[in-house]
Amino acid sequence: MDRKQFVKKFEQHFAGKPRVFRAPGRVNLIGEHTDYNDGFVFPMAISFYTTIAVFPTRDRKLYIRSENMNELIAIDLDANATRRNHWSDYVAGMANVLEAEGFRLPGASMLIDSDVPVGSGLSSSAALEMSAGLALLSTIGSELALEKLALLGQKAENQFVGMNCGIMDQFISTHGKENHALFLDCRTLDYELVPLQADDIRFVICNTMVKHELGSSEYNKRRAECEQGVTLMRADYPDIKALRDVSLVQFKKVQHKLPDIVRKRCRHVISENERTLQSMTALNSNDLEKFGQLMNSSHDSLRDDYQVSCKELDLMVELARAHDGCLGARMTGGGFGGCTVNLVLANSVDHFVENLSKSYEKETTLKPDIYISVPSEGAHELI
Ligand code: GLA
């Protein structure tokens, strides 16, 4: 839907001439479950967006209509809203953190539409938070630095929605650039936009079409296990603040002192940080084979050590790797379902997609959605 059509839709439901904002989902190429360990990630924004048309009202109420859900929700900004386990939590959460920052919002009519697949590990929640953040700020004629907006989105998700996520999703949703992936140091928030030579390769995203509900509780559990690892390793390395501060060599010296589960979790995070750094070197020297191998090891480590994969993700990865034109395949995002990301030679993409689709359906009876997205632009106003 282009801007004009979207505004027309808005006018079918609400009064006023709205402004329109949108923010993309993302696919993480490598660096999984490292962000909340102060580590490194390498995502790109995808060409799927959540779009919001917004017009201020004066009654301190948000009237939010979701096209996807065909639902109208009202949120009273004076009523101390709490989580309802509902899509509107992401908007209410953003309103909540913005007000806590001292922005007094007037109320607004909002129309939301999104083509980011929900529950697929492509960060539909960050896309909603970031588009809602821009939309809400516009009602008072304000803007925020993108970094600040991303941090507030993370805060909304941590404190309001109850998911202790890191900063990756909100950061890439705001900072994505066309034709670039983004290398981010999640401790300092220093980042580098890395051009992706898209001529001879494609990043193909394959949706397993399953989402296992334990996602967010297991996520919070992993995070706690990492923190436990840091606490225990401080006995030998008193200066460490996060797993980011421990090298693989240092880890190997003390790993026998850690409980089994904690050892595995730490080994994943520490090795994943090293892989992410190595993947930058590989890309810089255009060594795509190496990049693909690092993606493969990333998946194996997420499956065996971090234990956030599932049989559908493992199957999708295994089927992809059996294909000649596939240089690397891994799960992407939080895990327990959702998508894989595959590095595929451009000239074998059609074949890859057709084969994988058939073989996955044959094994599971599920027909996978497959997306080939170019790296896209981060959150912005549609003018
Ligand atoms: C989810 C979280 C991110 C990140 C990934 C795993 O997408 O929102 O912060 O931790 O999982 O890499």
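Residues numbered from 1 in each chain as written. Predicted model: local features only at pLDDT ≥ 70, side-chain atom pairs only at ≥ 80, totals over all residues. Heavy atoms only, no water.

Caption draft 1: Region of interest: the domain arrangement of the chain. Partitioning the chain into structural domains gives domain 1 (3-32 + 41-196) and domain 2 (201-373). Placing a centre on the C-alpha atoms of domain 1 and another on those of domain 2 gives a separation of 26 Å. Counting from both sides, the interface comprises 28 residues of domain 1 and, opposite them, 34 residues of domain 2. Around 2500 Å² of area is buried between domain 1 and domain 2 when both sides are counted, 63% of it from carbon and sulfur atoms. The interface formed by domain 1 and domain 2 contains 3 salt bridges. Between D185 and R244 there is a salt bridge, and its shortest N-O distance comes to 2.9 Å. Only β1 (19-30), β2 (40-56) and β6 (180-185) provide two or more residues apiece to the side of domain 1 that touches domain 2. The dominant element in the side of domain 1 that touches domain 2, judged by the number of residues it contributes, is β2, at 6 residues. A breakdown of the residues in the side of domain 1 that touches domain 2 according to their chemical character gives 15 nonpolar, 9 polar and 4 charged. (Domains from an automatic or database assignment. Contact = heavy atoms within 4.5 Å. Buried area = accessible area lost by both parts, 1.4 Å probe. Salt bridge = Lys/Arg side-chain N within 4 Å of Asp/Glu carboxyl O. Helix = DSSP H or I, 4+ residues; strand = E, 2+ residues; numbered from the N terminus. Nonpolar A, V, L, I, M, F, W, Y, C, P; charged D, E, K, R; others polar.)

Caption draft 2: Structural context of the site of the ligand. Every residue close to the ligand is listed here: R26, E32, H33, D35, Y36, C165, G166, M168, D169, Y219, G333 and G334. D169 has a polar side-chain atom sitting 2.7 Å from an oxygen atom of the ligand. A total of 310 Å² of accessible area belongs to the ligand in isolation, and the protein chains cover 95% of it. In terms of residue class, the shell around the ligand is built from 4 nonpolar, 4 polar and 4 charged. Structurally, the shell around the ligand is a two-domain feature, drawing no fewer than three residues from each of domain 1 (3-32 + 41-196) and domain 2 (201-373). (Near = heavy atom within 4 Å. Polar contact = N/O pair within 3.5 Å; in protein donor to acceptor, adjacent residues only side chain to side chain. Areas by Shrake-Rupley, 256 points an atom, 1.4 Å probe, with all protein chains shown as cover.)

Caption draft 3: The arrangement of the packing of aromatic side chains in detail. Per the stated rule, a full pass over the model turns up 7 aromatic pairs. Aromatic pair F48 and Y371: ring centres 5.2 Å apart, planes at 75°, arrangement edge-to-face. Taken together, the residues F48 in strand β2 and Y371 in strand β11 (residues 369-372) connect sequence positions 323 residues apart. An identical accessibility class is assigned to F48 and Y371; each is buried. An aromatic cluster is defined as three or more aromatic residues linked by ring pairs; in this entry it consists of F42, F203 and F291. (Phe/Tyr/Trp six-rings, centres within 6.5 Å; stacked < 30°, edge-to-face > 60°. Buried < 20%, exposed > 50% of the residue type's maximum accessible area, 1.4 Å probe, protein only.)

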